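Observations on the three-dimensional arrangement
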Amino acid sequence: MASFDSPVAEAPEETGGHGPGRRLRLARERRELAVGAVADALHLHRHVVVAIEEDRYDDLPPVTFTRGYIRSYARFLELPETEILEAFDRLGVRDASPTFTPPGSESGPRRGAGLPAGTPWLLVVLVVAVLAVAGWFWFNDDGFGALIGRDQPEVGASAPAASGTVEQQGANATEGSGGAASGVEGDAVTGTGSSAASAPPEDAGVAASGEQTGITGAGDTGTGGAGSTGTAPEVGDSAAAGAPESGTESPAAADTGTSSGTARGASAADAASGVAMTGADAAVGNGAAGTTAAAAGEEDGGDGAGPAPAGSDRLTFEFTGESWMEVTDAAGDRLLFGLVGGGETRTVTGEPPFEIVVGDVSVVSLSHDGQAVPLADRANGRVARFTLGESR
Amino acid sequence: MFKGIRGLFSNDLSIDLGTANTLIYSRGQGIVLNEPSVVAIRQDRDGGPKHIAAVGQEAKLMLGRTPGNIRAVRPLKDGVIADFTVTEKMLQNFIKKVHEARFFKPSPRVLVCVPCGSTQVERRAIKESAAGAGAREVFLVEEPMAAAIGANMPVDEARGSMVLDIGGGTSEVAVLSLNGIVYSASVRIGGDRFDEAIINYVRRNYGILIGEATAERIKHDIGTAFPGTEVHELEVRGRNLAQGVPRSFTLNSNEILEALQEPLSGIVGAVKTALEQTPPELGADVAERGIVVTGGGALLRNIDRLLMEETGLPVVIADEPLTCVARGGGRALELMDERGTDLFVAE
């Protein structure tokens, strides 16, 4: 056959080509078979057989077919088809045009295509992080309130309630952080408390008290005093007036009470409703001070924790764990309502009798005007619902 | 919505839901599952609840070897669902298996390859079965198209390409051009019929009954479709029908060739019919390049020689013929994403 004798047929060998063509051709020649005989046996055109032997794959159909032809050829010659195909694969023959690209077809948007590897887990981590943060704020009511500024209106709303005010001392008062204390009638609010005590409108003076934060700043800086004083300018005397009690409670309170009192806390003292409670977070010191300052402002010239105004009783709740609390006085004012965390102390002042609900008596201790009130006797299970005090 | 979220954590799957084997191709991972389509069902008392005892390879080992309370069944017959509930459970099990390491319950997009001869009812059954198994979206593609894509045939060209897919239950022959099927036919002849033919041959000529598993082993080891230069032999065991006791005997490849004549002629007839029905231009293209054979039947020794001799055309066995359909389905899924159209999708 002329094609076998042509120099082209030897080209791969001369150039060191590693295609399967030469091996197939040599095997065919050893068997003394003509190209035509192979073509007939495999039902291929002769030019296809020649092209395979010459490793000219550009002239052949797509790789799928070419591999099949080579496999059939190798099997026909009883050569190991795996080796022959490996030799073909080493040539790296590819189809001239990639398959599945019909002319005119445009790439549309990928539908439902998978995200890059790892993206789903990144999303999960982000979602979990967001949920965790939201959860933290949710369960830490104060923090949430501080974040969204919700405490302010609440406190403001409670301000008009004639007698009862609540001042909560945050156990963790941190220095300088400040929500705003609410001043009654909207005036003079210091930048210290995140929630504030309120005073009756008529007396105007209210000491702002920080819940967790602002109090401290108040104590140190005097802003708390400013707040309280701002609300009751006319009373101005007596910064130190109320000092005795506060002083007894905490020296720091006394100090700050003074400062704030100088500012004009006295009027607040007259204000029947003022309540100060100091949590006295000693570690922070100024938190207590701030609170006390507020108290001082309210109660007679700096009496941080002065006696309850006439006609009012003072209830002090101390919490060693989390408990639901609800306290309503005779006037129907809700003095305390909500979940209170462990380590906190709440003092409320109002007109007896009080309707009290304690969610978990095991973690709450109550004193009524300084007298301890056993809660266990009044509890039904963990919850106590009872009325305390007599009407006057 | 939850399916959509879970879908983020699932891989798109192409499933070759075959009569004999189910193959799953996962996008970006290749063939991730190749298991027999067999389910073993346990029912401890009459009328009591049924439980899945085993699926896939484990269940196949039980075929013909189960006690009274376990039944090993093949839920697909002739390429279509014979038992809807069991198929759904099997698919569920397979989909879960390929997502084993995932925290979330998988909800993948699934492409299922269906015989081109299947009816609308049969296709709907397959679709609902896949949906019931947890797929959030189900596409159907005809098997010859998937096989051709998996074999890397140039189905997009304006040129005829013929593919013959010999599966477990059916054999599909089709002529493709420009991403579409010009002609297709399906005959309910496949590997199972080969097994049956071998069982019948042995019973008729030796008076011995052999099981399906044995027949399949005979087919794999010494089965041939065209006389070769060598004759292979295999010793097998079966129950002598006259004596009722097990006996061993020896079969050779020429006997199996004789046994397979009937089903093979059915396949050859289908190919010849396809060539007759193919438009002349496309027929000329097929004559030039040849026929590509895929599916498990392509592994039958000398099947290409038989087809070559019968049709006078070149015949090519695809690379990895067993997985062509599943791989082609996966590629089709990718192409559908790239194009944004329901390319190849059958209804």
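These figures come from a predicted structure and were not determined experimentally.

Next up on the list: the overall build of chain A. Each helix and strand in chain A was counted, giving 16 helices and 10 strands. For chain A, the residues scored as buried account for 49% of the 392 residues in total. Taking all contacts inside chain A whose residues are at least 6 apart in sequence as the whole, residues at least 24 apart take part in 67%. When the accessible surface of chain A is totalled, it reaches about 17,500 Å², and 55% of it is carbon and sulfur.

This part covers the packing of helix α3 (residues 84-98) of chain B against helix α4 (residues 120-132) of chain B. Residues and elements named next belong to chain B. It is the contact of α3 with α4, at a shortest axis distance of 8 Å, that shows an interaxial angle of 45°. On the basis of their axis angle, the class for α3 and α4 is oblique. Judged by the sense of rotation from one axis to the other, the crossing of α3 with α4 is right-handed. Residues Phe84, Thr87, Glu88, Leu91 and Gln92 of α3 lie in contact with α4, whose contacting residues are Ala125, Glu128, Ser129, Ala130 and Gly132.

Tallied over the full model, the rule gives 4 aromatic pairs over all chains. A cation over an aromatic ring shows up here: A:Arg334 above the ring of A:Phe337, its NZ or CZ 3.7 Å from the ring centre.

It is worth spelling out the confidence of the model for chain B at this point. Confidence along chain B averages 88 in pLDDT terms, with 93% of residues attaining 70 or more. Scoring the predicted complex yields pTM 0.58 and, for the interface, ipTM 0.83.

Residue and element names in this part refer to chain A. Residues Val35, Gly36, Val38, Ala39 and Leu42 constitute the buried set of helix α4 (residues 35-42). Down the axis of α4, the buried set is contained in an arc of 160°. They therefore lie on one face. Once α4 ends, the next one or two residues include His43, with phi positive near 60°.

This brings us to the pattern of salt bridges. Counted according to the given criterion, the structure contains 31 salt bridges over all chains. Across the pair A:Glu81 and A:Arg75 runs a salt bridge whose closest N-O atoms are separated by 3.3 Å. For A:Glu81, a relative accessible area of 26% puts it in the partly exposed group. Here B:Glu310 makes a salt bridge to B:Lys272, at a shortest N to O gap of 3.1 Å. One end of the pair, B:Glu310, is in helix α11 (residues 303-311); the other, B:Lys272, is in helix α9 (residues 261-277), with 38 residues separating them in the sequence.

What follows covers the confidence of the model for chain A. All names here are of chain A. Scored by pLDDT, chain A has a mean of 61; 44% of the residues are at 70 or more. The least confident element of chain A is helix α1 (residues 2-5), whose mean pLDDT is 35; the most confident is helix α5 (residues 46-53), at 92. This stretch, residues 1-16, has a pLDDT under 50; its non-local contacts, to residues over four places away or in other chains, come to 24 contacts.

Quick look at the environment of B:Val112 now. All names here are of chain B. Within the fold, Val112 resides in strand β9 (residues 109-114). The exposure class assigned to Val112 is buried, which follows from its relative accessible area of 1%. When the C-alpha positions of Val112 and Val138 are compared, they lie 7.2 Å apart, and in sequence the two are 26 residues distant. Setting aside its immediate chain neighbours within four residues, Val112 contacts Ile15, Leu17, Ile126, Ala130, Val138, Phe139, Leu140 and Val141.

All names here are of chain A. Between α4 and α5, whose axes approach to 8 Å, the crossing angle comes to 110°. As the angle between them shows, α4 and α5 are arranged roughly perpendicular. In the packing of α4 onto α5, the handedness of the crossing is right-handed. For the pair α4 and α5, contact is made by Val35, Gly36, Val38 and Ala39 and by Arg46, Val49, Val50 and Glu53, respectively.

Attention now moves to the sheet that holds strand β11 (residues 161-166) of chain B. The strands that make up a sheet are held in pairs by hydrogen bonds between backbone atoms, and each pair lies either parallel or antiparallel. All names here are of chain B. Strand order in the open sheet formed by 5 strands is β13-β12-β11-β17-β18, and the pairing between neighbours is mixed. A single partner strand is all that each edge strand has here, and the edge strands are β13 (180-187) and β18 (315-317). Ignoring which end each strand starts from, the neighbouring axes of this sheet average 20° apart. Where β11 meets strand β17 (residues 291-294), 4 bridges bridge the pair, whose relative direction is parallel. Residue pairing in the sheet places Asp165 in a bridge with Thr294 of β17. Packed onto the sheet, α9 meets β11, β12 (171-177), β13 and β17 and runs at close to 160° relative to β11. Sitting on the sheet, α11 touches β11, β17 and β18, and the angle it makes with β18 is about 165°.

On to a nonpolar patch on the surface, then. A contiguous nonpolar surface patch, about 300 Å² in accessible area, is contributed by A:Trp324, A:Phe337 and A:Leu339. Of note, A:Phe337 is situated in strand β4 (residues 334-340).

This part takes up the side chain of A:Thr64. Residue placement: A:Thr64 occurs in helix α6 (residues 63-76). Separated by 3.0 Å, the side chain of A:Thr64 and the backbone oxygen of B:Asn152 make a polar contact. Sequence-distant contacts of A:Thr64, defined by excluding residues within four places in its chain, comprise B:Ala151, B:Asn152, B:Met153, B:Val292 and B:Val316.

Residues and elements named next belong to chain A. Of the consecutive residues Pro352 and Pro353, the connecting peptide bond is found in the cis state with omega at 0°. Mapped onto the elements of the fold, Pro353 is located in the loop between β5 (345-350) and β6 (354-358). Positive phi values are uncommon outside glycine, yet Glu32 reaches one of about 60°. Within the secondary structure layout, Glu32 lies in the loop between α3 (21-30) and α4. In this structure, Glu78 is a non-glycine residue whose phi angle is positive, near 60°. Turning to its location among the elements, Glu78 is positioned in the loop between α6 and α7 (81-90). The exposure class of Glu78 is exposed, given its relative accessible area of 54%.

Calculation rules
Residues numbered from 1 in each chain as written. Chains lettered and ligands numbered in written order. Predicted model: local features only at pLDDT ≥ 70, side-chain atom pairs only at ≥ 80, totals over all residues. Heavy atoms only, no water. Helix = DSSP H or I, 4+ residues; strand = E, 2+ residues; numbered from the N terminus. Buried < 20%, exposed > 50% of the residue type's maximum accessible area, 1.4 Å probe, protein only. Contact = heavy atoms within 4.5 Å. Areas by Shrake-Rupley, 256 points an atom, 1.4 Å probe, with all protein chains shown as cover. Axes fitted to C-alpha atoms, helices over the stretch in contact; angles between N-to-C directions. Parallel < 35°, antiparallel > 145°, perpendicular 65-115°, else oblique. Left-handed = near helix turned anticlockwise from the far one by under 90°. Phe/Tyr/Trp six-rings, centres within 6.5 Å; stacked < 30°, edge-to-face > 60°. Lys NZ or Arg CZ within 6 Å of the ring centre and 35° of its normal. pLDDT = per-residue confidence, 0-100. Arc of directions from axis to C-beta. Salt bridge = Lys/Arg side-chain N within 4 Å of Asp/Glu carboxyl O. Pairing = 2+ DSSP bridges. Patch = residues over 30% accessible without salt bridge, like charges linked within 9 Å, V, L, I, M, F, W, Y side chains within 5 Å. Polar contact = N/O pair within 3.5 Å; in protein donor to acceptor, adjacent residues only side chain to side chain.

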